[in-house]
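Each chain, written out:
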Amino acid sequence: MNNHRTLKEYLLDHLADHPEQRELVMIMSNMATIGETISTQTNKAGLAGILGSLGQTNIQGETIQRLDVFANELCKKYLRATEHFAAMASEEESTVVDMGNDGARAKYVIAFDPLDGSSNIDVNVSIGTIFSVHKRLFNIDRLDERQFLQKGRDQVLAGYILYGSSTVLVFSFGDGVHEFTLDHGIGEYFLSNERVMIPPVAEYYSVNEGNTVYFERKDADFIAYLRDEKKLSARYIGSLVADFHRNMIKGGVYLYPAVDKGGKGIYTGKIRLNYELKPMAFLLEQAGGLATDGEMNILDMEPTSLHERRAAILGSRDIVEEYMAR
Ligand code: AHM
Ligand code: MG
């Protein structure tokens, strides 16, 4: 039993053990607030179609924004006010966002996918927010893209919020993965899984099998092997956060191999390294799993650009190792 421990209590205990992580603890609390706000807005999203769309006002006279725009603006404005960040990167922003804080207090940079699962936003299917925090590099300009090109292994905080049948927050300071579930009525997150460990035996594989014709032969073969020989069950939502979460709790693997959609023999990944793969890989390693692009551990990659995309194989260690061994 978890004794109904709240996120606030958990963070206070963490702070007592790690007084040097004061700012990170506050950042985590800020992220929880962002998650609660986006969750509330997500629950109302269906009404947007009925009561007005982008640029229109709803029945209470509030302007309705598209959810992804709302989430991005919230992350920017709210986190800027905390003064912890020198810069932010977001899937919704082509370049580095100035957080307006150049002081000594602004010791961190944060990369976001404010609302992941874009194809699911308008159809009431689970979506999520993903975040990755690094220490700010004081030897280069705070708005230099290289602030975000740090290795995944150097993250100091990473996590996601899943807006599903409930809203769950999963994060790690690098000492285990913790899961909290939001009670909307009370307005508190409660501890639902203290030390998440991915089950050693995979039950599920998650891949967009409609892409099979665009995969390299080795990837199509591996997926057929998971299906026909390992006899794994298929589950694919099309929101990384939701597919990843299920696999981490139940045991499984998420695959987005490189695809050649142009038919020119050029295979490229889809999932973004800095704010989708790095944070998930960080969590996965803490939970006993593994993340690769097929060539190397995601956490050891040196990103070369802000919105870089990579192939992704994330999940139970045995399956990921088998993939790499082929
Ligand atoms: P997005 O950030 O535009 O939503 O793209 C990332 C998403 C992942 O959440 C998901 O796993 C994948 O793209 C789904 O892609 P596809 O629709 O090609 O299967
Ligand atoms: Mg995304």
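See the structure above.
A.B. asks: Kindly report on unusual backbone geometry, identifying the contributing residues and their values.
C.D. replies: Here the phi dihedral of Glu 83 falls at roughly 65°; this positive angle occurs in a residue that is not glycine. Relative to the helices and strands, Glu 83 is located in the loop between α4 (67-82) and β1 (85-90). Here Lys 231, not a glycine, exhibits a phi torsion of approximately 55°, which is positive. Its place among the elements puts Lys 231 in the loop between α5 (217-228) and β10 (233-234).

A.B. asks: Hey, could you go over the packing of helix α6 (residues 240-250) against helix α7 (residues 273-286) for me, with residue numbers and the actual values?
C.D. replies: Two elements in contact, α6 and α7, have axes separated by 12 Å at closest approach and are oriented at 15°. By the angle between their axes, α6 is roughly parallel relative to α7. Pair α6 / α7 crosses with right-handed handedness. Contacts between α6 and α7 involve Leu 240, Val 241, Phe 244 and Met 248 from the former and Glu 276, Met 280 and Leu 284 from the latter. Counted by class, the contact of α6 with α7 contains six nonpolar, no polar and one charged residues.

A.B. asks: Please provide a residue-by-residue account of the coordination of the magnesium ion (ligand 2), values included.
C.D. replies: Around the magnesium ion (ligand 2), the donor atoms from the protein are Asp 113 (OD), Asp 116 (OD) and Glu 276 (OE), and they sit 1.8 to 2.1 Å away. Expressed as a motif, the donor residue spacing for the magnesium ion (ligand 2) is D-x2-D-x159-E. Of this pair, Asp 113 sits in strand β3 (residues 108-116) while Glu 276 sits in helix α7, placing them 163 residues apart in sequence. On the basis of relative accessible area, Asp 113 is assigned to the buried category, the value being 0%. The buried category is assigned to Glu 276, whose relative accessible area is 5%.

Cut-offs applied
Residues numbered from 1 in each chain as written. Chains lettered and ligands numbered in written order. Predicted model: local features only at pLDDT ≥ 70, side-chain atom pairs only at ≥ 80, totals over all residues. Heavy atoms only, no water. Helix = DSSP H or I, 4+ residues; strand = E, 2+ residues; numbered from the N terminus. Axes fitted to C-alpha atoms, helices over the stretch in contact; angles between N-to-C directions. Parallel < 35°, antiparallel > 145°, perpendicular 65-115°, else oblique. Left-handed = near helix turned anticlockwise from the far one by under 90°. Contact = heavy atoms within 4.5 Å. Nonpolar A, V, L, I, M, F, W, Y, C, P; charged D, E, K, R; others polar. Donors = N, O, S within 2.8 Å, 3.2 Å for Na, K, Ca; no water. Buried < 20%, exposed > 50% of the residue type's maximum accessible area, 1.4 Å probe, protein only.

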